[in-house]
Amino acid sequence: MSNGTETRRITIIGLGLIGASIGMRLKAAALPNIEIIGQDSDRGAEREAEKIGAIDRAEHDPRRAVEGASLVILATPIIALREVFAEIAPHLMEGAIVTDTASTKADVLRWAKELLPEHISFIGGHPMAGKETQGTANADPALFEGKAYCLCPTVDAAPGAITSVMGLAELLGAEPMFIEGDEHDVYAAAISHLPLVTATVLFNMMRASPSWEDLGLLASSGFRDMTRLASGDPVMSSAILRTNREAIIHWIERMTTELNKMRDLLNDSRDEDLLQLFATTQMQRDEFLTNPPRRQRRSVTPDVDSKETVMSMIVGGMMARNMKRIAEMPEAMEKKHEIITPEGEKKKISMADKMAEDIRRDLEKLEREREEKAQRKKD
């Protein structure tokens, strides 16, 4: 380099939609004196990533790819992560930061603790972004814009590493959200994995009907929108479900309960209740679309932007300032909504309180189910 500064390395392992999109966004940021190395088990993906400008160069051997890297981003399918951890662990330099993008976190955090060396910091990550068209060729540097980016640091991760990955998420245009691994998996099962299950079940149910030829002719935008996720990568989809079974089963049971309520409304000809259900749902969904819950946007530190934070991580020498910001939670949604209590009383509570109560109940139920399951195994 002309200024004599040593070139530093970021390595991205896995150059599909997510990995290549991260690379494109980092390249667009024009970080000085940074070399972005890409690795994928598919040499075609490596060539495509170089072609679209997602990486500076490819290194097909993952062990050589991570050597000397200050930051390693693992964007492989979750089913491959344990093997990748084991393979790269001996080759990570002291003080390196490792993060991932997998859709479930509890297993990943356990594998990281088991397999990665103590001299590195691991921060689990999950950008809540994607599309059904997978692969390197579909990469998009704007993929993460405005999306939540879940961060699950290990207990022994260096504070500076945590702040740095927070800066990386912001550099991608995302909204960092700190969350425990188990909690993440319960929420992701509800908001991401259950829709995948629903899309798959709905399409298979229609496709298996003897009347499919006629049904297919009638299928329009509603059916296509509802089943969009069924066109995703089957390997990735099956791996997500296998690594988050209990939480997904919990939400399937919750959905079954809601479907049974709908069936009862139809069986009992309770037309007013049916109209109220649709009207309330429409109002609440419209409000969600026009005024979605948001975290107050905060930069990583008061006077250092996300690009400078990532650069400081790579060059070294910056420790986290104002770490209390990590602990700050989003401001509650204060707008009041009228609900009817189980005792039939009308009550006004904030949406934040309602969501908190629903989540608390769900987590308590899931914990009881886990305890009962463990007890059955003992018996």
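Note that the structure is a prediction, hence the values are computed from the model and not measured. (Residues numbered from 1 in each chain as written. Predicted model: local features only at pLDDT ≥ 70, side-chain atom pairs only at ≥ 80, totals over all residues. Heavy atoms only, no water.)

### Re the sheet that holds strand E4 (residues 69-74)
Spatial strand order, E3-E2-E1-E4-E5-E6-E7-E8: eight strands in an open sheet with mixed pairing. Each end of this open sheet is capped by a strand with a single partner; those strands are strand E3 (57-58) and strand E8 (175-178). In terms of strand pairing, strand E5 (residues 97-100) meets strand E6 (residues 121-127) through three bridges, oriented parallel. The residue bridging Ile97 from the neighbouring strand is Ser121, located in E6. (Pairing = 2+ DSSP bridges. Helix = DSSP H or I, 4+ residues; strand = E, 2+ residues; numbered from the N terminus.)

### Here we look at the packing of aromatic side chains
Following the criterion strictly, the structure yields four aromatic pairs and no others. Pairing Phe85 with Phe122 gives two aromatic rings, centres 5.5 Å apart and planes at 90°, and the pair type is edge-to-face. Separated by 37 residues along the polypeptide, Phe85 in helix H4 (residues 78-88) and Phe122 in strand E6 bring together distant segments of the chain. Clustering of aromatic rings is evident, with ring pairs tying together Phe203, Trp212 and Phe223. (Phe/Tyr/Trp six-rings, centres within 6.5 Å; stacked < 30°, edge-to-face > 60°.)

### A word on the side chain of Thr227
The topology assignment puts Thr227 in the loop between helix H9 (221-226) and helix H10 (234-242). According to the relative accessible area criterion, Thr227 is buried, its value standing at 9%. At 2.7 Å, the side chain of Thr227 forms a polar contact with the backbone oxygen of Phe223. Setting aside its immediate chain neighbours within four residues, Thr227 contacts Ala199, Leu202 and Phe203. (Buried < 20%, exposed > 50% of the residue type's maximum accessible area, 1.4 Å probe, protein only. Polar contact = N/O pair within 3.5 Å; in protein donor to acceptor, adjacent residues only side chain to side chain. Contact = heavy atoms within 4.5 Å.)

### A few points about the nonpolar core
Grouped together as the largest cluster of nonpolar side chains are 38 residues, with contacts concentrated most on Ile22, Leu26, Ile73, Ile123 and Phe144. Mapped by element, the contributors of at least two residues to this core are strand E1 (8-13), helix H1 (17-28), strand E2 (34-39), E4, strand E7 (148-153) and helix H6 (159-171). Among the elements that line this core, the one with the most residues is H6, at seven residues. Not counting residues up to four positions away in its chain, the partners in contact with Phe144 are Ile18, Ser21, Ile22, Pro127, Ala129, Leu172, Gly173 and Ala174. If you look at the next biggest cluster of nonpolar residues, it comprises 26 residues, including Ile78, Ala96, Ala102 and Phe122. (Core = buried A, V, L, I, M, F, W, Y, C linked by side-chain atoms within 4.5 Å.)

### Points about the pairing of E1
Walk down a regular strand and you will see the side chains alternate between the two sheet faces. Burial analysis of E1 places five of its six residues in the buried class, the great majority of the element. In terms of strand pairing, E1 meets E2 through six bridges, oriented parallel. The residue of E2 that forms the bridge with Arg8 is Ile34. With H1 bridging E1 and its parallel neighbour E2, the resulting β-α-β unit is right-handed. (Right-handed = clockwise from strand over helix to strand, strands pointing away.)

### As for the packing of H4 against helix H5 (residues 106-115)
Packed helices, taken two at a time, are described by the angle their axes make and the gap between the axes. One way to put it is that H4 packs onto H5 with a least axis distance of 9 Å and a crossing angle of 10°. What the angle tells us is that H4 and H5 run roughly parallel. Residues Ile78, Leu81, Arg82, Phe85 and Ala86 of H4 form the contact with H5, whose participating residues are Val108, Trp111, Ala112, Glu114 and Leu115. Split by residue class, the contact of H4 with H5 holds eight nonpolar, no polar and two charged. (Axes fitted to C-alpha atoms, helices over the stretch in contact; angles between N-to-C directions. Parallel < 35°, antiparallel > 145°, perpendicular 65-115°, else oblique. Nonpolar A, V, L, I, M, F, W, Y, C, P; charged D, E, K, R; others polar.)

### Overview of helix H7 (residues 181-207)
Residues separated by three or four positions in an α-helix point in the same direction, a consequence of the helix having 3.6 residues per turn. With 27 residues, H7 should cover 39 Å at 1.5 Å per step; its first-to-last C-alpha distance of 36 Å lies within 8% of that length. At Ala189, H7 is deflected by roughly 50°, the largest bend along its length. (Expected span 1.5 Å × (residues − 1). Bend = angle between axes of the 7 residues up to and from the residue.)

### Brief notes about the pattern of salt bridges
One pass over the structure, following the stated rule, counts 14 salt bridges. A salt bridge links Arg25 to Glu145, with the nearest nitrogen and oxygen atoms 2.9 Å apart. Of this pair, Arg25 sits in helix H1 while Glu145 is found in the loop between E6 and E7, placing the two residues 120 residues apart along the sequence. A relative accessible area of 19% places Arg25 in the buried class. Here Asp273 makes a salt bridge to Arg270, at a shortest N to O gap of 3.0 Å. Residue Arg270 is classed as partly exposed on the basis of its relative accessible area of 37%. What emerges from the salt-bridge pattern is a single network uniting Glu59, Asp61, Arg63 and Arg64. (Salt bridge = Lys/Arg side-chain N within 4 Å of Asp/Glu carboxyl O.)

### Examining unusual backbone geometry
Even without being a glycine, Asn33 presents a positive backbone phi close to 60°. As for its position among the elements, Asn33 is in the loop between H1 and E2. Residue class for Asn33 comes out buried when judged on its relative accessible area of 14%. Even without being a glycine, Ser269 presents a positive backbone phi close to 55°. Take Ser269: its relative accessible area is 53%, and that puts it in the exposed class.

### Let's talk about the confidence of the model for the protein
With 79% of its residues at a pLDDT of 70 or more, the protein has an overall mean of 83. In the predicted structure, residues 297-304 sits below a pLDDT of 50 and forms 24 contacts with residues beyond four places in sequence or in another chain. Contacts for the low-pLDDT stretch residues 315-334, under 50 throughout, to residues beyond four places or in other chains number 35 contacts. (pLDDT = per-residue confidence, 0-100.)

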